[in-house]
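In case you want the letters, here they are:
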2 protein chains.
Amino acid sequence: MQTEEEFKDFILNGHLHYIPNVSIDCAIFGYHEQTLKLMLIRHRNMSSWSLPGGHIKRSETLVEAASRNVRMHTGLDNLFLQQFKTFGDPNRIQFNKFDKEKWFEITGLTSWEGNWLMDHTISVGFYAVTDFSETVLQTDISIAECAWFDIGSLPPLEFDHSEMVKEALHTMRLHLYHYPIGLNMLPEKFTLSEIHALYETLLGKKLDVSNFPKKLIALGLLNKLTEKRSIGAHRSPHLYSFDREKYTLALKEGLVLS
Amino acid sequence: MQTEEEFKDFILNGHLHYIPNVSIDCAIFGYHEQTLKLMLIRHRNMSSWSLPGGHIKRSETLVEAASRNVRMHTGLDNLFLQQFKTFGDPNRIQFNKFDKEKWFEITGLTSWEGNWLMDHTISVGFYAVTDFSETVLQTDISIAECAWFDIGSLPPLEFDHSEMVKEALHTMRLHLYHYPIGLNMLPEKFTLSEIHALYETLLGKKLDVSNFPKKLIALGLLNKLTEKRSIGAHRSPHLYSFDREKYTLALKEGLVLS
DNA sequence: TCAAAAGTGTTTTCTATACACCCATGC
DNA sequence: GCATGGGTGTATAGAAAACACTTTTGA
């Protein structure tokens, strides 16, 4: 959706291709060098930030809608993407906060009564994880801004999105112990220290320097490479890579990291 | 919804009070004397069974809708009720399987094009647990039958409800280790053997006779009563009851049972 | 006194955690 | 050689599992 014309058509006739009354919202977590960030967008005509989201095409599944949304904003595909909760409180969206005038100007409408977008909307929350340094943030005509925010200092969010973030973070941290989430946040080859730092940042707590690598190796997902990384005046750490086969299996079947 | 007239009005004008394109479905698990059952309903004009469900009123939250649904079918309130997943695959409902003729007869319509019910519907899954011997199954005008089925021998289900049951069961079993779920499935006063049997049945596996009670007591949710139960030619077991305060706290904050 | 079920105690095994210590590297 | 981070080994505490044993009850 890049032109004003397409946007107008979406507002007026979107319900022909998209399911009304339902949307998805995505909490996209980004990791890089020991900082955890969250991607937020600012809609046109809105002053506060919100999670990226959108409607579901009549031909696609929920995950596909979420995946399309994430791809649209980050340019990335095949991220770890999980449903975490569905939100539907009656007052989760305050339509009276919208900028009527601007809206009428775009659409040529004089009232939003009966418009498919201006109705009670339930939203299915998804979260994704990625390396934010690899992303190229993209907007479309409906979005004014798009940016990464430090997880510790998020701005006030629109709608019920603050609660969504809280839930998303909670679920993501739970999943860290039951799924291998790391493939998209680490380079192809990485050291144990790097993955250690990743887990510490995502979980927001310290993990034992000695025991964490042991547990990780015990899972059997890692291949120890013969290569080492040169890090200057220190012992060269071994490089590891994920065993793709075991990784994808663990994604399906789950695992237990204590 | 008890009369033919109300049913017709729901079909024709329900979208005024209910949100279209979204529904909730409930997997209601029932326990009694070491058997685990699931409540299923059969819609009018449908040959197979399905999970009870319905639309969400514009004024209520998702849980409230689920709660209303459960109450309607079982007569029970305040059950442990949890969202487990939202389902939205494009082909989850095959509208062409519906009995058109019967439908037209009821409504006086000659086509279902444009009817609010005949559109892509996303469904939010909830599960509940109760003692099935305490329930009084109730139907309404839209439902032909309502019955408990043994969890091990469920009939084929409509839509994607088989997958829903699988997911509901999985989530319920996970939650058993993180929430106190038992209040609604046991009498006010119960023995350790009874709660032991409950957990074994819900989890579908054996739990150690000696260690399970220890862990349970260690949680601190139980009050040991001075009363005992007389069970014939055997040692009389102590009766226990839940500590309401600690129970409700644990419902909110969670707990860890290994 | 015996069978059956309740309940307790003990032994063994496993695992989590803390921490001491050795290794590799470049200056 | 020494400072620094990488990596390994071990000792200890605590939890989980297995199971033997004691208690209570009514026939």
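Model, not experiment: these values are computed from the prediction. (Residues numbered from 1 in each chain as written. Chains lettered and ligands numbered in written order. Predicted model: local features only at pLDDT ≥ 70, side-chain atom pairs only at ≥ 80, totals over all residues. Heavy atoms only, no water.)

## What to know about the domain arrangement of chain A
Residue and element names in this part refer to chain A.
Here comes step 1: Domain assignment breaks chain A into domain 1 (4–175) and domain 2 (183–253).
Here comes step 2: Relative to domain 2, the C-alpha centre of domain 1 lies at a distance of 32 Å.
Here comes step 3: Across the boundary between the two partners, domain 1 contributes 12 residues, which contact 10 residues of domain 2.
Here comes step 4: Both sides of the domain 1 and domain 2 interface together cover about 980 Å² of buried area, and 66% of this is carbon and sulfur. (Domains from an automatic or database assignment. Contact = heavy atoms within 4.5 Å. Buried area = accessible area lost by both parts, 1.4 Å probe.)

## Re the UniProt feature "domain: Nudix hydrolase" (unreviewed entry) in chain A
Here comes step 1: UniProt annotation of "domain: Nudix hydrolase" (unreviewed entry) refers to residues 17–173 of chain A when read in the numbering used here.
Here comes step 2: Between the end C-alpha atoms of residues 17–173 of chain A the distance is 35 Å, and the span holds 22% helix and 35% strand. (UniProt positions renumbered as here; feature names shortened; annotations may be inferred. Helix = DSSP H or I, 4+ residues; strand = E, 2+ residues; numbered from the N terminus.)

## Regarding the environment of Ser230(A)
Residue and element names in this part refer to chain A.
Here comes step 1: Here serine 230 shows up in the loop between β7 (222–228) and β8 (238–242).
Here comes step 2: On the accessibility criterion, serine 230 (66% relative accessible area) is exposed.
Here comes step 3: When the C-alpha positions of serine 230 and methionine 185 are compared, they lie 21 Å apart, and in sequence the two are 45 residues distant. (Buried < 20%, exposed > 50% of the residue type's maximum accessible area, 1.4 Å probe, protein only.)

## Here's the deal with the relation of the copies chain B and chain A
Related by rotation about an axis and a shift along that axis, the two copies of the chain form a pair.
Here comes step 1: With an RMSD of 0.1 Å, the fit of chain B onto chain A corresponds to turning through 180 degrees and sliding 0.0 Å along the axis. Viewed as a symmetry operation, the transformation between the two copies matches a two-fold axis.
Here comes step 2: Residue by residue, 100% of the interface of chain B is reproduced at the interface of chain A, so both copies engage with the same surface. (Least-squares fit on C-alpha atoms with pLDDT ≥ 70 in both.)

## Let's talk about the protein's contact with DNA strand D
Here comes step 1: Within the structure, DNA strand D sits among 21 residues, and Ser210(A), Arg235(A), His238(A), Ser210(B) and Arg235(B) are positioned closest to it.
Here comes step 2: Considering DNA strand D, the proportion of its atoms within 4 Å of the protein that are sugar or phosphate atoms stands at 61%.
Here comes step 3: A distance of 2.6 Å is found between a base nitrogen of DNA strand D and a side-chain nitrogen or oxygen belonging to Arg235(A).
Here comes step 4: The contact in question runs from a sugar or linking oxygen of DNA strand D to an N or O atom on the backbone of His234(B), over 3.1 Å.
Here comes step 5: The leading source of residues in the surface near DNA strand D is helix α6 (residues 211–218) of chain B, at three residues.
Here comes step 6: Looking at the surface near DNA strand D, its residues break down into four nonpolar, 10 polar and seven charged. (Near = heavy atom within 4 Å. Polar contact = N/O pair within 3.5 Å; in protein donor to acceptor, adjacent residues only side chain to side chain. Nonpolar A, V, L, I, M, F, W, Y, C, P; charged D, E, K, R; others polar.)

## Details of the side chain of Asn69(A)
Here comes step 1: Topologically, Asn69(A) is positioned in helix α2 (residues 62–74).
Here comes step 2: Filtering out sequence-adjacent residues up to four positions away, Asn69(A) remains in contact with Ile24(A), Cys26(A), Pro52(A), Gly53(A) and Gly54(A).

## Description of the protein's contact with DNA strand C
Here comes step 1: Near DNA strand C, the surroundings consist of 20 residues, among which Ser210(A), His234(A), Ser193(B), Ser210(B) and His238(B) are the closest.
Here comes step 2: Counting only the atoms of DNA strand C that lie within 4 Å of the protein, the sugar and phosphate share comes to 64%.
Here comes step 3: In the environment of DNA strand C, a base nitrogen lies 3.3 Å from a nitrogen or oxygen atom belonging to the side chain of His234(B).
Here comes step 4: His238(B) is positioned with one of its backbone polar atoms (N or O) 2.6 Å from a phosphate oxygen of DNA strand C.
Here comes step 5: Per-element tally for the surface near DNA strand C: the top contributor is helix α6 (residues 211–218) of chain A, with three residues.
Here comes step 6: A breakdown of the residues in the surface near DNA strand C according to their chemical character gives three nonpolar, 10 polar and seven charged.

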